[in-house]
Amino acid sequence: MRYRFTIPLLAATALAGCTVGPDFARPKAPATEAYLPAREQATPAGAPGIAFGAGPVRRWWTAFGSPDLDALVDRAIANNRSLAASNATLAAAQDELRAVAGRRLPQIDATARVEQQQVNLAGFGFSGGNPLAPAGNPEFHLYSVGGGISYDLDLFGGLRRQVEQSAAQVEAQRRQTEAAHLAIAGQVVNQVLTVAAIRAQVATANALLADDLRNVDLTQKRRAGGEGTLVEVLNAQSQYAADRGDIPQLEQQLAEARHLLATLVGVAPNALGATDFDLARLTLPTQVPVALPSELVHRRPDILQAEANLHAAAAGIGVATARLYPDITLGATVTQGAPGIGDLVKNAFRGYDIFAGLTAPIFHGGTLKAQRAAAIDRARASDATYQQTVLDAFQQVADLLSAIQSDARSVANQNESVSVADHSRKLSRRSFQVGNSGILQVLETERLYQRSSNALVVARTRQFLNVARLYVATAGGWVDAAQPQSLPARQAVLGDVPDGAAAH
């Protein structure tokens, strides 16, 4: 797969409607229609179905069926400080675009000046003894008001290319801001799933601790009845103490996960509220909409940002090329200057100037040509970066599609493992109760059951996480959908230079 961006690297520069430099053409969508080879596309039982098409709808996180999760994502998008910084950076880029675009319009300035001057007559050869010289050095007052207008004809489109470049940079920043919003939504979902997973591990540990207490009680009763030994009692008590020591670490992990979730939401940890998320109460989507490769390149913010950077680099070639050609500026000034304020409105004290200026580069030691060559090289680099970004995105989606298939098999295997371990645990305890086995066998089967239960929690959590990551990897319906109020609206500057379009 290869994308081609045609940049004229010819020695002679072609003029296109008096705008030098290449006109940007959006890279073509890839020809491939699948992320995985055919042999890897089988969907195992228990895995969410994959519906290829335009991709996820907006607010993809609602697919997990948790209103509390939805509320946390909404709070994060509204209050996250990193998103606020990204929004402000986008607004600044839009302001910079308006500033650059304003240079294409006539520049008008007003002036006003008050002067007091004393003439040094001695500097002109007059001395105090000269009868032609007045007594002392005379003083003059001058009041002036006026204004001027100038306009750059922009014969070769240098200013137009600068506006185009700035608009493309705004587009890149907008896509970066979209990527930040999408990433924060994904991080909140991931953190909620992490909280739910740790709570499930804590619940498993507490259930095991309850079994340990039953074992201690059982061994003590057997010893009191003359059927058990002190060693069995101590083994059961030792296992209880060891398992009890694991719970504080899990609780610490849970606290840290909640603290990070609060940071993502944009509040202090004590203001987060309840986070009693349970994996059993979350819904695994039965079908995940995934954008086709040809759609993904027009949806994913990082790809669109790379495309906008490529556009800006292409416009930079035109900016650098225009500097090689003459520039003409038209202008006029008018001034009213008089020794008294009352004379400022009289025609006798008016002066004006109408001018046309030509600036043409003759010799700059190769600087201008080197700058143009550098602009071409930057465009080549942006082109390669765009291609790599697309390939990286395709790899990420392919990895997650494979992971979802593997996750379904892992969950099925772990469910079977838990069922077998639970059956073995119950049989070993019954065997111990009737005196056919020792306490160590009971403890070992309980360890196996705990490991299997924790492995099932990990497998189920990974399944949820990879589905969420797949939503994020395919843009989650963010691009080309209604934007949240926290994201500044895209602004078009100048009717003939819309966002993302080339100037001709």
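Preceding this section is the structure that the text describes.
It should be emphasised that the depicted structure is a prediction, and the values quoted were computed from it without experimental measurement.

**Some details on the sheet that holds strand β7 (residues 327-338)**
Phase 1: Reading across from one edge, β4-β5-β7-β8 is the order of the four strands in this open sheet, with antiparallel pairing throughout. Bordering the open sheet on either side are β4 (107-118) and β8 (350-359), each of which pairs with just one other strand. Strand-to-strand twist across the sheet, computed as the mean angle between neighbouring axes with direction ignored, equals 20 degrees.

**As for the packing of aromatic side chains**
Phase 1: Taken as a whole and judged by the stated rule, the model has eight aromatic pairs.
Phase 2: Ring geometry for W60 against F64: centres 6.5 Å apart, planes inclined by 75 degrees, an arrangement best described as edge-to-face. Note on accessibility: W60 and F64 belong to one class, buried.
Phase 3: Ring centres 4.6 Å apart and planes at 25 degrees place the aromatic pair F156 and Y325 in the stacked group. Separated by 169 residues along the polypeptide, F156 in the loop between β5 (139-152) and α3 (158-224) and Y325 in the loop between α6 (301-322) and β7 bring together distant segments of the chain.
Phase 4: Owing to a relative accessible area of 18%, F156 belongs among the buried residues under this scheme.
Phase 5: Taking relative accessible area as the criterion, Y325 reaches 24% and is therefore assigned partly exposed.

**Comments concerning the pairing of β7**
Phase 1: Examined bridge by bridge, β5 and β7 share 10 bridges and lie antiparallel to one another. Residue pairing across strands places S150 opposite G331, the latter belonging to β7.
Phase 2: With 10 bridges joining them, β7 and β8 adopt antiparallel strand pairing. By the bridge assignment for β8, I328 is matched with L358.

Thresholds, definitions, all that
- Residues numbered from 1 in each chain as written.
- Predicted model: local features only at pLDDT ≥ 70, side-chain atom pairs only at ≥ 80, totals over all residues.
- Heavy atoms only, no water.
- Pairing = 2+ DSSP bridges.
- Helix = DSSP H or I, 4+ residues; strand = E, 2+ residues; numbered from the N terminus.
- Axes fitted to C-alpha atoms, helices over the stretch in contact; angles between N-to-C directions.
- Phe/Tyr/Trp six-rings, centres within 6.5 Å; stacked < 30°, edge-to-face > 60°.
- Buried < 20%, exposed > 50% of the residue type's maximum accessible area, 1.4 Å probe, protein only.

Such coordinate-based values are descriptive only and should not be taken to indicate function.
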